[in-house]
Amino acid sequence: MFKKAVDAKSHQRLSGADRKKLRRSIRDRFSNASDAILDFLLPPKAELAVSKYPNRVLVYGLEGDCPLFFDVDGRGHDIFPTVYTLWRVPELLPAFVLKGGEVSRFMLGGADLMFPGISIPAEGFPSFSAGEPWAVKVPGNPAAIAVGTTTMSSAEALKAGLRGKALKICHYYRDTLWESAENCHVPNAGFLEDVVFEDPALSLSSRASDSSEVGPSLNPGNVTNNKDMGEVIDAGATSSGVDHPSTTQSDGADEITVQLTNDLSELKVAETSVDESNTEGQHSLSVEEVDALLDKCLLQALYTTIKEKDLPIPGSILWSSHVLPCRPPGITLDIKKSSHKKLSKWLQAKASGGLISVKEDKHKKEVILFSVNRNHPDYLSYKPEKKKEDKTERSTNNASNEERLQKTLEVSEIYKPSVHVNPIFTSVGAETSRLYTASEASEIVFQYVEKENLVKSSNKSTVTLDATLCDALFKGAIKKGSTYPTEIHKKDLGQTFVGRMQAHHCVTRGNDTVVRKGALKPIQIMTERRQGNKKVTKLSGMESFLLDAEALASELQKKFACSTTVAELPGKRGQEVLVQGGVIDDLARYLVEHYGVPKRYIEVLDKTKR
């Protein structure tokens, strides 16, 4: 569905009614989509946008964030989460586990999931119906790599001998939908360019433990206790669990299926090389050590990732998105090996101790974290550990810092001494070739007044004008026949003196700084009517603030979901951006909030109200 790049026809914000309709469709589609999960994925106060594609597909997401859901038919019946959503909420969909990371190459190449490529649980295949949404994962990696719909029920699959197509893939890692995110990223180091392997951060000791828990398809929230998620299967193991590839070929499978099953029969997955010193240091933790590690990870999460604005948080999200990421590298954290045995009992125990406040959702039978007591002795005595920053995270942070730097605007009005005021600067020993701010220039003239003792003795707020100061302030500005003033009030002295200097302005955006002669001209925003009742908003003067017209037009097109064009102004006066519709107030607000343009430098004119 997203194999080839297709440009969206339009981008627009969702209205309140459409937002409610989307939440209702997601809740009806996914049984695990509680209100807390929906609030976590789609915060009520965040702006939600939808992109419409020519093939009727609708893609939903937060503005400036990754795509979260996509609607295949545009009617709300076939909504799927993206891999970005499943990385945030793994338990939203059940998942099939592949027999090895190498099989993921076919998924990332656009092939559908075949039954011979699925790892069969020890207690049998999970129950499912045809047309259900399922995810795909690789052994040892809790993050999904693809999303699709089942082509048949589990009963039909067993009757067919687990042959044929299991899942029709709609979206997968590295397809055009994944690439459409402004900041494409991966959940862990196991995600490579054309294949996905196990997460190196997960402990290797979990491969031989907990054989009774088969896969995330049965318990997607507890991926660390999965035997199949941690084991690497060789050719002998894969051939014993499925029919011979020739059977699949005789059933008339397509070319991709033949290639998949043939490769599975000869698949030899190289064992992951592990530092012997690290494996020797691995040992199973005692119950007391697991309890202590749980408490430490919770406190670390409360300090680093759990903010007051994120509350309330479902227990499953608290565990998968906050507690587990805080465990030390190479350590397996299993709630069942603790004295509490269950996540709900552990959270209730911490609540009885006063550290947190929890409440049980009677409908979903899930514990919800409602509040945190940050004055609790355990919280106050804990010192959070500094996490080593990953190279990819550092590069992402650097890129975001650079982007933020590019949007930081500094505007200052500066002045250069003119022939009128040069004698004043020379008298006090100040340079006449440099630029001064208004306050610095006022300081110069008051230094001259103090040096020449020009303050009137009978009235300390008045300055007596000598010939030099009088010429600096009024020569050429007084009409012929009029007498020159002999004194001036102190409050008018600085302003009059600065007004006799040459005005300049300095604009700094990121690493770019421009100094131009003359006063800074404001950005002009004007709305006028065209043919019929159509409105168009014109924006000009953006060059003074180091804004590129083409880039700004492209950004405004996405922001306001309307057409934009760039035209040359007559007389080589720069360019203007034409935005469809009467968005004059929104555009002015966007320039202030997003680009830091001061309000005093924005002129707004609405000709449609005349």
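What you are looking at is a predicted structure, and each value in this text was computed from that prediction instead of being measured. (Residues numbered from 1 in each chain as written. Predicted model: local features only at pLDDT ≥ 70, side-chain atom pairs only at ≥ 80, totals over all residues. Heavy atoms only, no water.)

### Things to note about the overall build of the protein
Going by this rule: By definition, any uninterrupted DSSP run of H or I lasting at least four residues is a helix, any uninterrupted run of E lasting at least two residues is a strand, and each is numbered from the N terminus. With a 1.4 Å probe rolled over the protein chains alone, any residue whose accessible area is under 20% of its type maximum counts as buried; one over 50% counts as exposed, and the rest are partly exposed. In this analysis, two residues are considered to be in contact whenever any of their non-hydrogen atoms come within 4.5 Å of each other.
Summing up its helical and strand segments, the protein has 21 helices and 24 strands in all. By residue count, 43% of the 610 residues in the protein fall in the buried class. Expressed as a percentage of contacts within the protein between residues at least 6 apart in sequence, the contacts between residues at least 24 apart total 60%.

### Observations concerning the nonpolar core
Note the following rule: Nine residue types can take part in a nonpolar core, namely buried Ala, Val, Leu, Ile, Met, Phe, Trp, Tyr and Cys, and a core is a set of them joined through side-chain atoms within 4.5 Å.
Membership of the largest hydrophobic core comes to 61 residues, with the highest contact counts inside it found for Ile 26 and Leu 302. When residues of this core are assigned to their parent elements, the largest contribution, 8 residues, is made by helix α11 (residues 287-304). If you look at the next biggest cluster of nonpolar residues, it comprises 34 residues, including Leu 108, Val 138, Ala 157 and Leu 167.

### Digging into the pattern of salt bridges
How we decide: Basic side-chain nitrogens of Lys or Arg form a salt bridge, by our definition, when they fall within 4 Å of a carboxyl oxygen of Asp or Glu.
Applying the stated criterion across every chain, the model contains 16 salt bridges. For Arg 27, the salt bridge is made with Asp 35, and the minimal N-O distance between the two is 3.0 Å. By relative accessible area, Arg 27 is classed as partly exposed at 33%. Given the relative accessible area of 43%, Asp 35 is considered partly exposed. Asp 194 is the salt-bridge partner of Arg 105, the closest N and O atoms lying 3.0 Å from each other. A residue pair is termed long-range when its members are at least 10 positions apart, and Arg 105 in helix α4 (residues 104-108) and Asp 194 in the loop between α6 (176-179) and α7 (235-241) qualify at 89 residues. Beyond isolated ion pairs, a larger network of salt bridges with shared partners links Arg 13, Glu 47, Glu 63 and Lys 559.

### Here we look at the packing of helix α17 (residues 438-452) against helix α19 (residues 490-499)
What counts here: Convention adopted: a line fitted to C-alpha atoms gives each axis, helices being fitted over their contacting stretch, and angles between N-to-C directions are expressed from 0 to 180 degrees. Oblique is the label for any angle not under 35 degrees, not over 145, and not in the 65 to 115 range, which are roughly parallel, roughly antiparallel and roughly perpendicular in turn. Note: crossing handedness is left-handed where the near helix turns anticlockwise from the far helix by less than a right angle, and right-handed where it turns clockwise. Note on residue classes: Ala, Val, Leu, Ile, Met, Phe, Trp, Tyr, Cys and Pro are nonpolar, Asp, Glu, Lys and Arg are charged, and everything else, Gly too, is polar.
It is the contact of α17 with α19, at a shortest axis distance of 9 Å, that shows an interaxial angle of 120°. In terms of orientation, α17 lies oblique with respect to α19. Judged by the twist between their axes, the crossing of α17 over α19 is right-handed. For the pair α17 and α19, the contacting residues are Ala 438, Ala 441, Ser 442, Val 445, Phe 446 and Val 449 in the first and Lys 490, Leu 493, Gly 494, Phe 497 and Val 498 in the second. The class makeup of the residues in the contact of α17 with α19 is 8 nonpolar, 2 polar and 1 charged.

### Overview of the sheet that holds strand β14 (residues 409-416)
The condition is simple: The criterion for strand pairing is that DSSP finds at least two bridges linking the strands in question.
What the 4 strands build is an open sheet, ordered β15-β14-β18-β19; its pairing is antiparallel. The strands lining the two open edges of the sheet, one partner per strand, are β15 (436-437) and β19 (512-517).

### Overview of the environment of Val 6
By the element assignment, Val 6 lies in the segment before β1 (10-13). In this structure Val 6 comes out as partly exposed when scored by relative accessible area, which is 43%. For the pair Val 6 and Asn 55, spaced 49 residues apart in sequence, the C-alpha to C-alpha distance is 9.1 Å. Residues in contact with Val 6, not counting those within four places in the same chain, are Tyr 53 and Pro 54.

### Observations regarding the packing of aromatic side chains
Filter applied, for reference: Only rings of Phe, Tyr and Trp enter the pairing, Trp through its six-membered ring, and a pair is recorded when the two centres are within 6.5 Å. The plane angle decides the type: under 30 degrees is stacked, over 60 is edge-to-face, the rest tilted.
By the definition in use, this model includes 19 aromatic pairs. For the ring pair Phe 425 and Tyr 436, a centre distance of 5.0 Å and an interplane angle of 50° mean the geometry is tilted. On the criterion of sequence distance, the pair formed by Phe 425 in helix α16 (residues 422-428) and Tyr 436 in strand β15 is long-range, its members being 11 residues apart. Here Tyr 590 and Tyr 595 contribute two aromatic rings whose centre-to-centre distance is 6.1 Å and whose plane-to-plane angle is 85°, an arrangement assigned as edge-to-face.

### Quick word on helix α18 (residues 467-474)
What counts here: This arc describes the spread of directions from the helix axis toward the C-beta atoms.
Listed as buried for α18 are Leu 469, Cys 470, Ala 472, Leu 473 and Phe 474. Around the axis of α18, the buried residues are gathered within 160° of arc, so they sit on the same side. Looking at the packing, one finds that the buried side of α18 touches α16, α17, β16 (462-464), β17 (487-489) and α19. The positive-phi residue at the C-terminal boundary of α18 is Gly 476, with phi of around 85°.

### Here's the deal with the confidence of the model for the protein
Convention followed: The predictor's confidence in any single residue is recorded as pLDDT, a number from 0 to 100.
Predicted confidence across the protein gives a mean pLDDT of 80, with 82% of residues reaching 70 or more. For the protein, per-element mean pLDDT is lowest for α7, which scores 35, and highest for strand β8 (residues 133-137), which scores 96. Counted against residues more than four places away or in other chains, residues 260-282, with its pLDDT under 50, gives 31 contacts.

### Some details on the environment of Leu 552
If you trace the backbone, Leu 552 turns up in helix α20 (residues 549-560). Distance from Leu 552 to Val 577, taken between C-alpha atoms, is 8.0 Å for residues 25 residues apart in sequence.

### Side note on the pairing of strand β20 (residues 523-529)
Pairing of β20 with strand β24 (residues 602-606) involves 5 bridges; the strand directions are parallel. If you follow Met 526 over to β24, its bridge partner there is Leu 605. In this sheet, strand β21 (residues 535-540) lies alongside β20 in antiparallel orientation, the contact comprising 6 bridges. Paired with Ile 525 across the two strands is Leu 539, which belongs to β21.

### Observations regarding helix α21 (residues 584-595)
Selection rule: Any helix carries an expected span of 1.5 Å times its number of residues minus one.
Between the first and last C-alpha of α21 there are 16 Å, a value that for 12 residues agrees with the 16 Å anticipated at 1.5 Å per step. Every buried residue of α21 is listed here: Ile 584, Leu 587, Ala 588, Tyr 590, Leu 591 and Tyr 595. The arc enclosing the buried residues of α21, seen along the axis, measures out at 160°, which places them on a common side. Those residues of α21 that are exposed and aimed more than 90 degrees away from the buried face are Asp 585 and Glu 593. Positive backbone phi, at 70°, marks Gly 596, one or two positions downstream of α21.

### Overview of unusual backbone geometry
Positive phi, normally seen in glycine, also occurs at Lys 341, with a value near 70°. Mapped onto the fold, Lys 341 is located in the loop between α12 (315-323) and α13 (343-352). Given the relative accessible area of 48%, Lys 341 is considered partly exposed. For Asn 453, which is not a glycine, the phi torsion comes out positive at approximately 55°. Relative to the helices and strands, Asn 453 resides in the loop between α17 and β16. Using a relative accessible area of 64% as the deciding quantity, one classes Asn 453 as exposed.

### Regarding the side chain of Thr 150
The line we're drawing: As used in this structure description, the phrase polar contact means that two N or O atoms lie within 3.5 Å; if the pair is within protein, one of them must be able to donate a hydrogen and the other to accept it, and residues adjacent in sequence are counted only when both atoms belong to side chains.
Relative to the helices and strands, Thr 150 is located in strand β9 (residues 146-150). For Thr 150, a relative accessible area of 4% corresponds to the buried category. Looking at Thr 150, its side chain comes within polar contact range of the main-chain oxygen of Ser 129, at 2.6 Å. Each residue touching Thr 150, except ones within four places of it in the same chain, is listed here: Phe 96, Phe 128, Ser 129, Ala 130, Gly 131, Glu 132, Trp 134, Ala 166 and Leu 167.

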